[in-house]
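As a plain string of letters, each chain reads:
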Amino acid sequence: MDYKEGAYKVRDLRLAGAGRKRIEWAESRMPVLMRLREQYAKEQPFKGYKIAGCLHVTKETAVLVETFAACGAEVAWSGCNPLSTNDEVAAALAEAGIEIYAWHGQNVEEFYWSIERTLDRPPHLTLDDGADLIFTVHHRHPHLAEHIIGGSEETTTGVHRLRAMAEDGKLLYPVYAVNDAETKWDFDNVYGTGQSTIDGILRASSVLLAGKNFVVAGYGHCGRGVAMRAKGMGANVIVTEVKPTAALKATLDGMRVMTMDEAAAIGDIFVTATGMKDVIRGRHFVKMKDGAIVCNTGHYDVELNLKELAGLSTDTRVVRPNNREYTLENGKRIYVLAEGRLVNLAAAEGHPSEVMDMSFANQFMAHLHLVRKHEAGETLAPQVIDLPEELDQEIARIKLETMGIRIDTLSEEQRAYATDYSAGT
Ligand SMILES: NC(=O)c1ccc[n+]([C@@H]2O[C@H](COP(=O)([O-])OP(=O)(O)OC[C@H]3O[C@@H](n4cnc5c(N)ncnc54)[C@H](O)[C@@H]3O)[C@@H](O)[C@H]2O)c1
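Residues numbered from 1 in each chain as written. Predicted model: local features only at pLDDT ≥ 70, side-chain atom pairs only at ≥ 80, totals over all residues. Heavy atoms only, no water.

## With respect to the sheet that holds strand 11 (residues 256–257)
Strand order in the open sheet formed by 8 strands is 11-10-9-12-13-16-15-14, with mixed pairing between adjacent strands. The open sheet has two free edges, formed respectively by strand 11 and strand 14 (313–320), since each of these has just one partner strand. Where strand 13 (residues 292–296) lies against strand 16 (residues 333–337), 3 bridges are found, and the strand directions are parallel. The partner of Val294 across the bridge, within strand 16, is Val336. Across the sheet, helix 9 (residues 188–205) is in contact with strand 9 (213–217), strand 12 (269–272), strand 13, strand 14, strand 15 (323–328) and strand 16; its angle to strand 14 comes to roughly 100°. (Pairing = 2+ DSSP bridges. Helix = DSSP H or I, 4+ residues; strand = E, 2+ residues; numbered from the N terminus. Contact = heavy atoms within 4.5 Å. Axes fitted to C-alpha atoms, helices over the stretch in contact; angles between N-to-C directions.)

Below is the structure:
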């Protein structure tokens, strides 16, 4: 481990060269964020502001971090999942002078130690994926909130919890719900999670998807993305849900819908994408076929109850990277990928750069809004705030432009027609 107090703790600084190549690869596929970097680097809007961030240390995150730094911010970073850090990327960021505490395979203590280090010098802004940093501020260092202008949250689970906190009057500063922006939730969660979850399953298991019974728990944004991709690869997709409208959408999209108790007995591959705990538990594991593969792509490692699985097992061993075999008392073997943590980040590289381009453009703009409002003397209430709709359209417009796609625009007459209440049949 390479450690320099107040500067970095990473696996091995010698990995920096390889990490830099990965970051350059991502940069070349993130034109919206790179355009924002170019535009705001001259202006230095973040000069004098420190951003503490807690988000998967991937090549795409590095592009975001270096964009903040190029625009004047002081940045301190940690990963938001013990298994998602890319050690090469972490080394490259440390070498570039970014304060970073992150390595692959942290235990829970090391995970929170890293978050704590990013708060050693009080931040003005916080950036979260799953709200662990903002919870650390609220639960352990509430006095820091006095200095904090605001924050942002990247994922569905984090936004749900922060909204609950705000409703109880417990949130100490405003937070932008980056997850809920259309150019994030409808793209990153659907197409990003869809592709990268399949990528993680294949890297960890190398199985053929065609012809398999592929069970997806949760048909929200992420689940729909995973189901679509699995269907495209020839799997027979089965969906489990708790929300009637989501179950109905899955049915009309051509998926089979049933309960997890029914699906457990016939599934070959299981993926949870719900944000809920205990979606697959002991009574489901015992019903599964010999050789069933089980994984999770929701934020926390609570969707699969692995304690109950371990209690039902006589033996466990790692059979290949990110793939653990459990032998049950009934003799059947179950294969759990990535220890039940986000399979796309632990076993693969997370979402492709092209989709993170839009998510992170939203992150950048959320923080720019916070700084701009602060400098204008505008105080935001300690609530979870949606990003403005115009921003979504602007990000999508730039993305289309960089893809060489042109679209039509409404004429003045058409614009007027849309709201003309005197017109009828
Ligand atoms: N893997 C990734 O990289 C990645 C990316 C984005 C979001 N996420 C995480 O994925 C999870 C889902 O996010 P989303 O945006 O799809 O949320 P969503 O709210 O759009 O969808 C979640 C769905 O799960 C269903 N559900 C809840 N409990 C269930 C249960 N017990 N059984 C079956 N279905 C159940 C809900 O009814 C809902 O339809 C969250 O934890 C989110 O933070 C992961």
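## Things to note about the environment of Ile115
Mapped onto the elements, Ile115 comes out in helix 5 (residues 108–118). Separated by 48 residues in sequence, Ile115 and Thr67 have C-alpha atoms that sit 21 Å apart. If we ignore the near neighbours within four places in the chain, the residues touching Ile115 are Cys54, Ser78, Asp132, Leu133 and Thr136.

## Considering the packing of helix 3 (residues 59–70) against helix 16 (residues 353–375)
Running from N to C, helix 3 and helix 16 cross one another at 30°; their axes reach a closest spacing of 10 Å. In terms of orientation, helix 3 lies roughly parallel with respect to helix 16. Crossing geometry of helix 3 relative to helix 16 is assigned as right-handed. Residues Lys59, Glu60, Thr61, Leu64, Thr67 and Phe68 of helix 3 form the contact with helix 16, whose participating residues are Ser353, Met356, Phe360, Gln363, Phe364 and His367. By residue class, the composition of the contact of helix 3 with helix 16 is 5 nonpolar, 5 polar and 2 charged. (Parallel < 35°, antiparallel > 145°, perpendicular 65-115°, else oblique. Left-handed = near helix turned anticlockwise from the far one by under 90°. Nonpolar A, V, L, I, M, F, W, Y, C, P; charged D, E, K, R; others polar.)

## Examining the domain arrangement of the chain
Many descriptions give the size of an interface as the accessible area lost when the pieces come together. For the chain, the domain assignment lists domain 1 (2–180 + 351–402) and domain 2 (193–341). Domain 1 puts 12 residues into the contact, and the matching count from domain 2 is 9 residues. By the criterion of area lost to domain 2, the three top residues of domain 1 are Leu83, Thr157 and His351, representing 45% of everything that side buries. Applying the counting rule to domain 1 against domain 2 returns 0 salt bridges. For the side of domain 1 that touches domain 2, the residue count by class is 4 nonpolar, 5 polar and 3 charged. (Domains from an automatic or database assignment. Buried area = accessible area lost by both parts, 1.4 Å probe. Salt bridge = Lys/Arg side-chain N within 4 Å of Asp/Glu carboxyl O.)

## Brief notes about the pattern of salt bridges
What the rule picks out here adds up to 34 salt bridges. Two residues, Glu354 and Arg29, come together in a salt bridge whose shortest N-O distance is 4.0 Å. Of the two residues, Glu354 sits in helix 16 while Arg29 sits in the loop between helix 1 (16–27) and helix 2 (31–41), which places them 325 residues apart along the sequence. Here Asp180 and Arg163 are joined by a salt bridge, their closest N and O atoms 2.6 Å apart. Residue Asp180 is located in the loop between strand 8 (175–177) and helix 8 (182–185), and its partner Arg163 is located in helix 7 (residues 156–167); the two are separated by 17 residues in the primary sequence. Residue classification places Asp180 among the partly exposed positions, given a relative accessible area of 23%. Arg163 sits in the partly exposed class, given a relative accessible area of 28%. In the salt-bridge network here, residues are joined through shared partners; they are Arg22, Lys59, Glu60, Glu88, Asp199, Arg203 and Glu349. (Buried < 20%, exposed > 50% of the residue type's maximum accessible area, 1.4 Å probe, protein only.)

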